[in-house]
Amino acid sequence: MNEPSKRKGTERTERTVPDQSTAPDQSTAPDQRAGPDEPAAPDVAELQARIEELQAQVADLEDRWRRALADLDNLRKRVVRDVERVRADERARAAAEWLPVLDNLERALEHAETDPASIVEGLKAIRDQAQDVLARLGFARRDDTGATFDPARHEAVAVLAQEGAPDGTVLHVLRPAYGDGEQQLRPALVVVAKGE
């Protein structure tokens, strides 16, 4: 009975200890262990290098993204400053255009008691000067008497039947218009002819 137990123990030992001649060599490279149909497993060092390369690319892209955001924010702030500066410059330019008109009105008021006829002439000159200022700013006065009624340019306040006047013709301008097209400050208040 002792012999069979010895034999079993011996067999156990033989089965658990692998034969060195048939076991794969642990020191061989991974591509040498792979069979002809299996792809070679990447080396850990190669994978680590690829990970580091991708992390560097991500860091570079994040840096570019942050710089682009900062540039965009700076551009937005610069545009806001430029628009405010241009608006202020244009307001100052328009106000400067009106200063001579105010000066002439003050002179007319100083001489109001002297000669009424000269006051009337002075006021007409000031009106002409004010119209010139508006024209230089791009809003010239329009004379629409005799023009065909256009709802984009005219606002009819009355309609009159008048012989010899074609239907839809502006007969009288009660309040003139300044500017034209998209640069129109206001439409003209007009009386329009009505056809019979």
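As the structure is a computational prediction, the values presented were derived from the model and not from experiment.

The strand order β2-β5-β3 describes an open sheet built from 3 strands, whose pairing is mixed. Of all strands in the sheet, those bounded by a partner on one side alone are β2 (154-161) and β3 (170-175). Geometrically, the sheet is characterised by an average inter-axis angle of 25 degrees between neighbouring strands, direction not taken into account. Where β2 and strand β5 (residues 188-194) come together, 7 bridges link them in parallel fashion. Within the sheet, the bridge partner assigned to Val 159 lies in β5 and is Val 192.

This part takes up a nonpolar patch on the surface. A cluster of nonpolar side chains, namely Leu 72, Leu 75, Val 79 and Val 83, defines an oily patch on the protein surface of about 320 Å² accessible area. Within the secondary structure layout, Leu 75 lies in helix α3 (residues 44-110).

Our next topic: helix α4 (residues 116-136). Here α4 spans 30 Å end to end across 21 residues, near enough to the 30 Å set by a 1.5 Å rise per residue. Ile 119, Ile 126, Ala 130, Gln 131, Val 133 and Leu 134 are the residues of α4 that are buried. Looking straight down α4, one finds its buried side chains confined to an arc of 155 degrees; they lie on one side. Buried residues belonging to α4 abut α3, β1 (141-142) and β4 (177-178). Taken from the residues just after α4, Gly 138 is the one with a positive phi, measuring 100 degrees.

Mapped onto the secondary structure, Gln 131 falls in helix α4. Since its relative accessible area comes to 19%, Gln 131 is described here as buried. Setting aside residues no more than four positions away along its own chain, Gln 131 makes contact with Arg 141 and Tyr 178.

We now examine the pattern of salt bridges. With the rule as written, the count across this model stands at 14 salt bridges. Taking the shortest distance from any N to any O, the salt bridge between Glu 53 and Arg 50 comes out at 3.0 Å. Highlighted residues: Glu 53 and Arg 50, both in helix α3, separated by 3 residues, approximately one helical turn. Residue Glu 53 is classed as partly exposed on the basis of its relative accessible area of 40%. Given the relative accessible area of 42%, Arg 50 is considered partly exposed. Between Arg 64 and Asp 60 there is a salt bridge whose closest N-O contact spans 3.4 Å. Of this pair, Arg 64 and Asp 60 are both found in helix α3, 4 residues apart, which corresponds to roughly one turn of the helix. Its relative accessible area of 35% is what places Asp 60 among the partly exposed residues. One network of salt bridges, in which partners are shared, links Arg 142, Asp 144, Arg 153 and Asp 180.

In the predicted model, the chain carries a mean pLDDT of 81, and the fraction of residues at 70 or more is 79%. This stretch, residues 5-17, has a pLDDT under 50; its non-local contacts, to residues over four places away or in other chains, come to 0 contacts. Predicted confidence is poor over residues 23-31, with pLDDT under 50, and the contacts of this stretch with residues over four places away or in other chains come to 5 contacts.

Cut-off values and rules
- Residues numbered from 1 in each chain as written.
- Predicted model: local features only at pLDDT ≥ 70, side-chain atom pairs only at ≥ 80, totals over all residues.
- Heavy atoms only, no water.
- Pairing = 2+ DSSP bridges.
- Helix = DSSP H or I, 4+ residues; strand = E, 2+ residues; numbered from the N terminus.
- Axes fitted to C-alpha atoms, helices over the stretch in contact; angles between N-to-C directions.
- Patch = residues over 30% accessible without salt bridge, like charges linked within 9 Å, V, L, I, M, F, W, Y side chains within 5 Å.
- Areas by Shrake-Rupley, 256 points an atom, 1.4 Å probe, with all protein chains shown as cover.
- Salt bridge = Lys/Arg side-chain N within 4 Å of Asp/Glu carboxyl O.
- Expected span 1.5 Å × (residues − 1).
- Buried < 20%, exposed > 50% of the residue type's maximum accessible area, 1.4 Å probe, protein only.
- Arc of directions from axis to C-beta.
- Contact = heavy atoms within 4.5 Å.
- pLDDT = per-residue confidence, 0-100.

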